[in-house]
Amino acid sequence: MKGSIYTFQIPRVEGGSTISIRVTWSQKLSYNKGKFSLSVPFSFPSFVNPTGQKISKREKILLNVDSGTGREIVCKSNTHALKELRRDISKMGFLYESEVMKWSSSNFSFSYSLASNELFGGMLLQSPLLQDFDDRQIFCFYLFPGHDQRWKAFRKELIFLIDISGSMKGPPLESVKNALLASLSKLNPQDSFNIIAFNGETYSFSSLMEPATQEAILKATQWLNNNLLPDGGTNILLPIKQAFKLLADASDSIPLIFLVTDGAVEDEKEICNFVKDSLAHGQSVSPRICTFGIGTYCNHYFLQMLAQIGRGHFDSAYDADSVDFQMQRLFTTASSVILANVSADAFKCLDSLELFPSGIPDLSLGSPLILSGRYTGNFPDLVKINGTLADMGNFVMDLKVQKAKDFPVDMVLARRQIDALTTKAWLSESNDLKEKVAKVSIQTRVPSEYTRMILFQADRGEKAPETILVRQVANRMNPLKQVDKEGQKIICLGSLGVGLGNMIATAKNVPPGSEEGRPLEATEKVVKAASKCCSRLLDRCCCMCFIQTCSYMNDQCSIVVAQLCGALACFECLACCYELFG
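Every value quoted in this text rests on a predicted model; they were computed, and no experiment measured them.

(A) A look at the overall build of the protein chain. When helices and strands are counted, the protein chain shows eleven helices and 28 strands. Expressed as a percentage of the 582 residues in the protein chain, the buried residues total 49%. The long-range share in the protein chain, meaning contacts at least 24 apart out of those at least 6 apart in sequence, stands at 75%. Counting only carbon and sulfur atoms, one obtains 50% of the accessible surface of the protein chain, whose full area is about 28,300 Å².

Below you can see the structure in the form of structure tokens.
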């Protein structure tokens, strides 16, 4: 949530008034050793407490938990004294309420597990909503590894590809090194590894795959200290080709390529095509590719696509402080695979099928397997799942198919669908896919690369139109640019996406995090613009909207379609829709 701060002022507040602010966001739950964990910022700085007379304050947290699986929820830990309100196997409700003299100084955390030691899964189905632009059915397929430690993880043949370009100098590279050493220490002696550092050239720890003995890991530590010297540009294709050659003879194992970079390169599509071609002629368990992006200058969608093609995983860190933890978390997921080459026979019998992501990832002890999509046709009552075990034996399991009840599958999976479609749109450069991403974004109110946020001013008492068509705006639609449209003011707040990488910053070796100074300036301008709009025009309302930007149609003259996120319901209201990433 760091770097995603939204601020606005409420003018002309009279004494004794009650100000109510509602914020809605979606956040990923973390998963570790069978536990799901939620952490919500709930600590307030001391200066928000009024000085002088001590006034009693009330804190209140209402927590509803729905596992969506039908399995019993087992509470593990929480930071606040929660009172159980209701319990219904897979659903629970809690309440925390307290009179305090000072606002909370600790964040709210809650963790739970599902009551099953065995591997289990299921298939949830949901019909599209009436206002859904896509009339296909929705499904969510999931597998949970459970707590049974008898499951044997695959032997690993692992290659780390570490970016040592000039921009990685300092905390980013030190954090990567720490995470890499911690990951090496978790390998078993029967595993093997190698390390390739790269900038414009490549530097290999060994010409062969090395067994993960204590002696080899000690040598690797010394090699890292002597050779991870940040300098030069970024060439990702060269080390990937070398890694595929080293893993060409891998057998009875999970070959794994672990790519870490902070930059964007010109030949990203060529890299994706090379990996596709290489995997098409691979072994029974082809190399998995996991990617980790640092900062916002790397192309997150290229890294996601590379991980999808390689049936691996993707993660990122936007600041150096979180690199170590999140990189180790990704390694734990990638290195504890217990079921590979997962497939579902029922998928072949459907009339049409679209998967998010496009390939089915492996099941790991470090993370559940979740796959969603759209389809036409009919699922049977039971879906047969097949996979390959660590001993290369075959795994078969029947999963029950059921309708999702009071569980918004489409909203829970909206971020996943948008990311998967955006990676396809980036690779194919398809205008139809870009438009589809924008429609999903507007419908679910989840930000995307092809939508923007605006402040739209409407007359008090008038219902805002469902769609606002603004022509010839995108060519002058800079963030925070005010546009007059038939007497109505529209303030463009810019994109909330991560972007498609920055090759100019990469070429100049600009360190990740250098862009952090700009959002603060932008936030201050938003505050000023929103405050000015609200305070001057007492007969107007402001509403935050998503707009679809179709700049791919014409760079000079584009069409922008805006859709309100919510109806204008009250005097001087500001409705915000956004997502924070866990």
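Now that the structure has been shown, we can carry on.
(B) Inspection of the side chain of E354 at higher detail. With respect to the helices and strands, the residue E354 is situated in strand β18 (residues 352-356). For E354, a relative accessible area of 11% corresponds to the buried category. Of the polar contacts made by the side chain of E354, one reaches the side chain of K436; its length is 2.9 Å. Non-local contacts of E354, meaning those with residues more than four positions away in its chain, are made with R136, F139, S372, G373, R374, L421, K424 and K436.

(C) How the structure looks around the pattern of salt bridges. Considering all chains together, one arrives at 18 salt bridges under this definition. Residues R374 and D132 are paired through a salt bridge, measuring 2.8 Å at the closest nitrogen-oxygen approach. Of this pair, R374 sits in strand β20 (residues 369-376) while D132 sits in the loop between β8 (120-126) and β9 (137-144); the two residues are 242 residues apart in sequence, bridging distant segments of the chain. Its salt-bridge partner being D134, residue R136 comes within 2.8 Å of it at the nearest N-O pair. Taking the relative accessible area as the measure of exposure, R136 reaches 15% and is therefore buried. Given a relative accessible area of 8%, D134 falls into the buried group.

(D) Up close: helix α2 (residues 214-227). For α2, built from 14 residues, the straight-helix expectation of 20 Å at 1.5 Å per residue is met to within 8% by its first-to-last C-alpha distance of 20 Å. Along α2, the positions that sit buried rather than exposed are A216, I217, A220, W223 and L224. What you see down the axis of α2 is that its buried residues fit within an arc of 115°, all on one side. Of the exposed residues in α2, the ones pointing more than 90 degrees away from its buried face are Q214, E215, L218 and N226.

(E) Summary view of helix α3 (residues 237-246). Every buried residue belonging to α3 is among L237, P239, I240, A243 and F244, and all of these are buried. All buried residues of α3 project into a common sector of 165° when viewed along the axis, lining one side.

(F) Region of interest: the pairing of strand β6 (residues 91-100). Where strand β3 (residues 57-66) and β6 come together, ten bridges link them in antiparallel fashion. Residue pairing for β6: R58 is matched across the bridge by E99.

(G) Focus on the sheet that holds strand β17 (residues 337-344). Taken in spatial order, the eight strands line up as β18-β20-β9-β8-β22-β21-β17-β19 in an open sheet, and their pairing is mixed. Both edges of this open sheet fall to β18 and β19 (363-364), since each of them pairs with a single strand only. Across seven bridges, β9 lies against β20 in antiparallel orientation. Of the residues in β20, the one forming a bridge with Y142 is I370.

(H) Up close: the packing of aromatic side chains. Inspection of every chain in the model, using the stated rule, returns 22 aromatic pairs. Relative to F144, the ring of F120 has its centre 5.2 Å away and its plane inclined at 15°; by these criteria the two rings are stacked. Of the two residues, F120 sits in strand β8 while F144 sits in strand β9, which places them 24 residues apart along the sequence. The class of F120 is buried, set by a relative accessible area of 4%.

(I) Expanded view of the sheet that holds strand β7 (residues 108-114). The four strands lie next to each other as β1-β2-β7-β4, forming an open sheet whose pairing is antiparallel. Both edges of this open sheet fall to β1 (30-32) and β4 (73-78), since each of them pairs with a single strand only. Here the average twist between neighbouring strands, direction ignored, is 25°. As paired elements, β4 and β7 share five bridges and run antiparallel to each other.

(J) Inspection of the nonpolar core at higher detail. In terms of nonpolar packing, the biggest core is built from 34 residues, with F160, I162, L184, F193, I195, F258 and F292 touching the most fellow members. Going through the elements one at a time, β10 (156-163), α1 (171-185), β11 (192-198), α2, β14 (254-261), β15 (288-294) and α6 (323-334) are the ones with two or more residues in this core. Leave out the neighbours within four places in its chain, and I195 touches F160, I162, L180, L184, Y203, S204, F205, A220, W223 and L224.

(K) Inspection of unusual backbone geometry at higher detail. Between F356 and the following residue, P357, the backbone shows a cis peptide bond with an omega angle of 0°. Tracing the backbone through its elements, the reader meets P357 in the loop between β18 and β19. At M392, a position not held by glycine, the phi torsion is positive, near 70°. Relative to the helices and strands, M392 is located in the loop between β21 (382-388) and β22 (394-403). A relative accessible area of 29% means that M392 is categorised as partly exposed.

(L) Region of the structure containing the confidence of the model for the protein chain. Taken residue by residue, the protein chain gives an average pLDDT of 81. The fraction at 70 or more is 80%. Contacts from residues 516-522, a stretch scored under 50 in pLDDT, to residues over four places away or in other chains number four contacts. Confidence drops under pLDDT 50 across residues 533-544; counting only partners more than four residues distant or on other chains, this segment forms 50 contacts.

(M) Main features of a positive patch on the surface. Residues K33, K35, K76 and K186 make up a contiguous surface patch of positive charge. Among the secondary structure elements, K76 is positioned in strand β4. By relative accessible area, which is 46% here, K76 ends up partly exposed.

(N) The arrangement of the packing of helix α4 (residues 268-280) against helix α5 (residues 300-309) in detail. Running from N to C, α4 and α5 point in directions that differ by 5°, and their axes come no closer than 10 Å. Viewed along their axes, α4 and α5 adopt a mutual orientation that is roughly parallel. The segment α4 lies against α5, with E268, I271, C272, V275, K276 and L279 engaging F302, M305, L306 and I309. Residues belonging to the contact of α4 with α5 are distributed by class as follows: eight nonpolar, no polar and two charged.

(O) Layout of the pairing of β22. Note that β8 and β22 share three bridges and pair parallel. By the bridge assignment for β22, L124 is matched with Q402. Strand direction decides the pairing type here: β21 and β22, joined by seven bridges, are antiparallel. The residue bridging I385 from the neighbouring strand is M397, located in β22. Where β21 folds back onto β22 in an antiparallel hairpin, the turn is made up of five residues, including M392, whose phi is positive at roughly 70°.

What counts and what doesn't
Residues numbered from 1 in each chain as written. Predicted model: local features only at pLDDT ≥ 70, side-chain atom pairs only at ≥ 80, totals over all residues. Heavy atoms only, no water. Helix = DSSP H or I, 4+ residues; strand = E, 2+ residues; numbered from the N terminus. Buried < 20%, exposed > 50% of the residue type's maximum accessible area, 1.4 Å probe, protein only. Contact = heavy atoms within 4.5 Å. Areas by Shrake-Rupley, 256 points an atom, 1.4 Å probe, with all protein chains shown as cover. Polar contact = N/O pair within 3.5 Å; in protein donor to acceptor, adjacent residues only side chain to side chain. Salt bridge = Lys/Arg side-chain N within 4 Å of Asp/Glu carboxyl O. Expected span 1.5 Å × (residues − 1). Arc of directions from axis to C-beta. Pairing = 2+ DSSP bridges. Phe/Tyr/Trp six-rings, centres within 6.5 Å; stacked < 30°, edge-to-face > 60°. Axes fitted to C-alpha atoms, helices over the stretch in contact; angles between N-to-C directions. Core = buried A, V, L, I, M, F, W, Y, C linked by side-chain atoms within 4.5 Å. pLDDT = per-residue confidence, 0-100. Patch = residues over 30% accessible without salt bridge, like charges linked within 9 Å, V, L, I, M, F, W, Y side chains within 5 Å. Lys, Arg positive; Asp, Glu negative; His and termini not counted. Charge placed at Lys NZ, Arg CZ, Asp CG, Glu CD. Parallel < 35°, antiparallel > 145°, perpendicular 65-115°, else oblique. Nonpolar A, V, L, I, M, F, W, Y, C, P; charged D, E, K, R; others polar.

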